[in-house]
There are 2 protein chains.
Amino acid sequence: MQKITASYTDFYQLTMAQVYFLNQNHEDQSVFDYFFRKLPFHSGYAIFSGLEVLIDILEDFKFTPEELQFLEKQGFHKDFINYLSDFQFNGEIKSVQEGDLIFPTRPVLQVKATIIEAQIIETLVLNILNFQTLIATKASRIRLAAPHDTLIDFGMRRAQATGAYYASRAAYIGGFDATSNVKAATDFGIPVSGTMAHAFIQSYENELDAFRDFAEVHPDNCVLLIDTYDTLRSGLPNAIKIAKELEAKGHKLKAIRLDSGDLSYLSKRCRKMLDQEGLSYVKIAASNQLDEHVIKSLKDQNASIDVYGVGTNLVIGNPDAALDGVYKLAFADGKPRIKLSENVAKSTLPSEKQVYRIRNQKNEMLGADIITQVDETNIEKMHHPFDLTKSTTYHSHILEPLLKTVMKDGKRYEKKKSLAKIKAYAAERLNELPEEYKRFSNPHIYKIGVSTELLETREKLRETLKK
Amino acid sequence: MQKITASYTDFYQLTMAQVYFLNQNHEDQSVFDYFFRKLPFHSGYAIFSGLEVLIDILEDFKFTPEELQFLEKQGFHKDFINYLSDFQFNGEIKSVQEGDLIFPTRPVLQVKATIIEAQIIETLVLNILNFQTLIATKASRIRLAAPHDTLIDFGMRRAQATGAYYASRAAYIGGFDATSNVKAATDFGIPVSGTMAHAFIQSYENELDAFRDFAEVHPDNCVLLIDTYDTLRSGLPNAIKIAKELEAKGHKLKAIRLDSGDLSYLSKRCRKMLDQEGLSYVKIAASNQLDEHVIKSLKDQNASIDVYGVGTNLVIGNPDAALDGVYKLAFADGKPRIKLSENVAKSTLPSEKQVYRIRNQKNEMLGADIITQVDETNIEKMHHPFDLTKSTTYHSHILEPLLKTVMKDGKRYEKKKSLAKIKAYAAERLNELPEEYKRFSNPHIYKIGVSTELLETREKLRETLKK
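The numbers attached to residues start from 1 for each chain and follow its sequence in the written order. Chain A is the first chain written and ligand 1 is the first ligand written, with later ones labelled in order. This being a predicted model, a pLDDT of at least 70 is required before a residue's local features are given, and a value of 80 or more before pairs of side-chain atoms are given or counted; all residues contribute to the totals for chains, interfaces and linings. To obtain the side-chain values, all non-hydrogen atoms of the structure were used and water was disregarded.

An unreviewed UniProt entry lists chain A under the name Nicotinate phosphoribosyltransferase, with Psychroflexus halocasei given as the organism. UniProt positions are given in the numbering used here, feature names are shortened, and annotations may be inferred rather than shown by experiment. Comment text from UniProt for chain A, heading Sequence similarities (unreviewed entry), reads "Belongs to the NAPRTase family."

K.L.:
Would you mind going over the relation of the copies chain B and chain A in detail, with residue names and values included?
P.N.:
Here the copies were fitted onto each other by least squares, based on C-alpha atoms from residues at pLDDT of at least 70 in both. Take chain B, turn it by 180 degrees, move it 0.0 Å along the axis, and it overlays chain A with an RMSD of 0.0 Å. The relationship between the two copies is best expressed as a two-fold rotation axis. The criterion used for residue contact is that any of the two residues' heavy atoms lie within 4.5 Å. Take the interface residues of chain B: 100% of them recur as interface residues in chain A, which is what a same-surface contact looks like.

K.L.:
Tell me what's going on with the environment of Asp100 of chain B, and back it up with residues and numbers.
P.N.:
Residues and elements named next belong to chain B. A run of H or I in DSSP becomes a helix once it reaches four residues, and a run of E becomes a strand once it reaches two; helices and strands are each numbered from the N terminus. Mapped onto the elements, Asp100 comes out in the loop between strand S3 (92–95) and strand S4 (101–102). Each residue is placed in one exposure class: buried if its accessible area under a 1.4 Å probe, protein chains only, is under 20% of its type's maximum, exposed if it is over 50%, and partly exposed if it falls in between. Judged by relative accessible area, Asp100 falls into the buried class, the value being 1%. Residues Asp100 and Leu402 lie 302 residues apart in sequence; the distance between their C-alpha atoms is 9.1 Å. Other than its neighbours up to four places away in sequence, Asp100 contacts Ala46, Ile47, Phe48, Arg357, Leu402, Tyr425 and Arg429. Contacts described as polar in this section are N or O atom pairs within 3.5 Å, which, within protein, must combine one atom able to donate a hydrogen with one able to accept it, while residues neighboring in sequence count only if both atoms come from side chains. Among the polar contacts listed, one links the side chain of Asp100 to the side chain of Arg429, at a separation of 2.7 Å.

K.L.:
Account for the sheet that holds strand S1 (residues 29–35) of chain A, with residues named and values stated.
P.N.:
Two strands pair if DSSP finds at least two bridges between them. Strand order in the open sheet made by the seven strands is S13-S12-S1-S5-S3-S19-S20 (chain A), with antiparallel pairing throughout. Strand pairing shows two members of the sheet lacking a second neighbour, strand S13 (335–336) and strand S20 (411–412) of chain A, which therefore form its edges.

K.L.:
Can you explain the environment of Gln289 of chain B? Please cite residues and give values.
P.N.:
Residues and elements named next belong to chain B. Following the sequence through the fold, Gln289 ends up in the loop between strand S10 (283–287) and helix H13 (292–300). Each C-alpha atom, one on Gln289 and one on Leu208, is 27 Å from the other, the two residues being 81 residues apart in sequence. If we ignore the near neighbours within four places in the chain, the residues touching Gln289 are Val294 and Asn313.

K.L.:
So what's going on with the pattern of salt bridges? Which residues, and what values?
P.N.:
Salt bridges are defined by distance alone: a side-chain nitrogen of Lys or Arg within 4 Å of a carboxyl oxygen of Asp or Glu. Counted according to the given criterion, the structure contains 75 salt bridges over all chains. Across the pair Arg458 of chain A and Glu459 of chain A runs a salt bridge whose closest N-O atoms are separated by 3.1 Å. Of the two residues, Arg458 of chain A and Glu459 of chain A, neither departs from the other in class, the shared state being buried. Asp100 of chain B is paired through a salt bridge with Arg429 of chain B; the nearest N and O atoms lie 2.7 Å apart. You can see Asp100 of chain B sitting in the loop between S3 and S4 and its partner Arg429 of chain B sitting in helix H15 (residues 419–432), a full 329 residues away along the chain. For Arg429 of chain B, a relative accessible area of 5% translates into the label buried. Residues participating in the shared-partner salt-bridge network are Asp100, Arg106, Arg357, Arg359, Asp369, Glu400, Arg429 and Glu432 of chain A.

K.L.:
Could you give an account of the domain arrangement of chain A, naming the residues involved and the relevant values?
P.N.:
Residues and elements named next belong to chain A. Either an automatic procedure or a domain database provided the assignment from which the domain bounds are taken. Looking at chain A, the domain boundaries give domain 1 (11–136 + 321–466) and domain 2 (144–315). Taking only C-alpha atoms, the centre of domain 1 and the centre of domain 2 are 39 Å apart. On the domain 2 side, the residues contacting the 20 residues of domain 1 number 21 residues. A 1.4 Å probe defines the accessible area here, and the buried area is the portion of it lost by two parts on being joined, summed over both. Together domain 1 and domain 2 conceal approximately 1700 Å² of surface at their shared face, both sides included; 71% is due to carbon and sulfur atoms. When the buried surface of domain 1 facing domain 2 is broken down by residue, Leu419, Lys423 and Phe440 rank first, second and third, together holding 42% of it. Our enumeration of links across domain 1 and domain 2 arrives at one salt bridge. Ionic pairing is found between Arg169 and Glu98, a salt bridge with its closest N-O pair at 2.7 Å. Inspection of the domain 1/domain 2 interface yields four residue pairs in polar contact (both at pLDDT 80 or more). Taken together, the elements giving at least two residues each to the side of domain 1 that touches domain 2 come down to helix H2 (51–58), helix H6 (122–145) and helix H15 (419–432). Ranked by residue count, the leading element in the side of domain 1 that touches domain 2 is H15, at five residues.

Below, the structure written as structure tokens:
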């Protein structure tokens, strides 16, 4: 939809960058890790999303003349502004594939670039990946609640303005079938969906005329909103009339939609009345403050709903509304780096790394990912990242490497993945994950470990720094 | 930053629009109200924001050829696509001024246009106004918690992708002083702010060298982040060293920044040590999961903080994360319209309307806005909008009309207001609001009433519709 340029960044990236530049150490090689610390929604997993968008933007991430002018006015050095005028990202990115399952603490994406480039792109990386991962994860939970029903994203009106665009993309990856957002549908190739609002019906003298006009124009894609005046005494009988009129002309009413009232009770009443009229093919759609918990409860009550429209709670990622992803320096100027913290769980992991998913000989997930230094072999022992007394040994396991090159020399490394492929991959990976990690209450905790070598590197660094 | 085109809409706007168009009633005049039902954050008021952005977009809200092509593929009628290719908004908008106080139930903005135009712009109106109003309100609450300190928006990395852009704008209107978001600063003219991240310090062999290099490049705008290794034993002493080195060269260290640990305790310890070293001019900045409640608590503890950096909780509008603004038909084809609801508080108000703020003869706010039909005179009685037994009479009051023409024939009606002016207006209007509406716990409820005429119109319509 929009051109995101290089001033899409936090100001401190540029104040730091100027120091690197004027001190001539801006071309020092660095490695930064993108990872998050806490799963949103008390979920047992997250779905990685946003990668292809990030790569698209990074391939052409430049400052415009207006932006450079603005920076000049902020007092930046002429030589630095000059450097920025030629700025582009030339680095390498390794990443988990978009749509894969990701878990706290372990690197999801790794940027290997000159420190000035890696720093200037930080905000973009966080801004794009945090949000889409949040929403893909939320969408996937809603999908878990309604595995076989149609899910449509209705959230545009309540999203963070243009953030809606990316919410719709991430929702599709996470398991939604369609969106109401025309712009996102156009650009991303997401199926688009929507029929009528209350205002349409209110603009007519009576509901039946409104339904009839709509059915005439959209005879094969007719979903009638039946709660404008009185769901069971007006909306439904009128919809049944229209259904019969459509039948007489060789068409079929697609669905009715409920947008208020007790969705469980009303959907069952509607289903019964539709069936009695021989309209069992007419589907029932529902919307109104839905989320995974409400949908699960509706399913538990055997509500007769075939299509769920989910808005606000999806696109804002309610109740968390943000993923706490961070971007931390792991390597600079030839040396591994960490950040200490009084809270040990907030310490970072040094060095360029690899992450492996541990599988048994049948290639089944064992519920653990292990973080290692990039070139390690002989990985058998896995340590708790923060509790040094805990470790596990894996025998005759398969290690699936998760971080793969996705950008090299500032260019996309492999062919761009279609959204459909990413969505299918997300479903496939989630399908592999045992049930206990997917339940909504207290899901089983997926294990994240670090290799012995990596642990030792960190502990040595920690001791040096404490001195 | 971006061109928002007419496909920035929900798909159902177009399926409805096609029906209006093919039935040739698309040019019926209509009036739609934008309003919200529930104040966010348990706040006693909201700050209206987003208007000038909305007008900018609406002045040039057109479908691109690619978008029309996409719609053609969705099966829309050729004549309708043809209509859309010439689509533009030609209507009139009346609105509360951006930055004004707004309250539930009463119209904030009113669109008067052909029904097809009013419908196609609905999603845009909601998407732009809901979010910015949410964030301006959140920002204003944070400002209330720290009336005299510097507030900086740090939220870009945790926002809904490009939504960050509008969050920064709204935060400024609501009372923030600056943003870290370079793009928003460039385009909107917001003061920009930021200095260094932990990564900068980690990339050096030791903290002091990092500080020194930074101070050399930014001698007059040097804020040192002191919690990378050990706040009191390393960060602060090193910052003090740098402050003295800067002094020797005729400069002054601007501030130190705390980003972890107990901000109350640490800020007081830092203040004391700085003062003992004759560095009382060095300010203390703090960040880390701040919001109005944390800041209020820090102030209550006499924390020594001069600058607050607020990120996530600001830009996501935590905990609500969405404003429930809606856009409802009030008038169509020459007649007033309402939507009934089993929940009476969800019924809408018919007709083109005006809203007045009631003031006494000294021109002070009386804590009430009254909604009337647009051309009413003789407004003395104010009824509760939903409880018909309640009414109040106002004598010798002043009625300040709040809805003013901001677009006419699809064009901006008056000169565009600068962001600085909007911000000043927001502060001025909030300043007028008595304290009891601004407290964080159970604020006094601002009264919203409807005139006798408007009430009678609604009740008549309700009876007709019930038949």
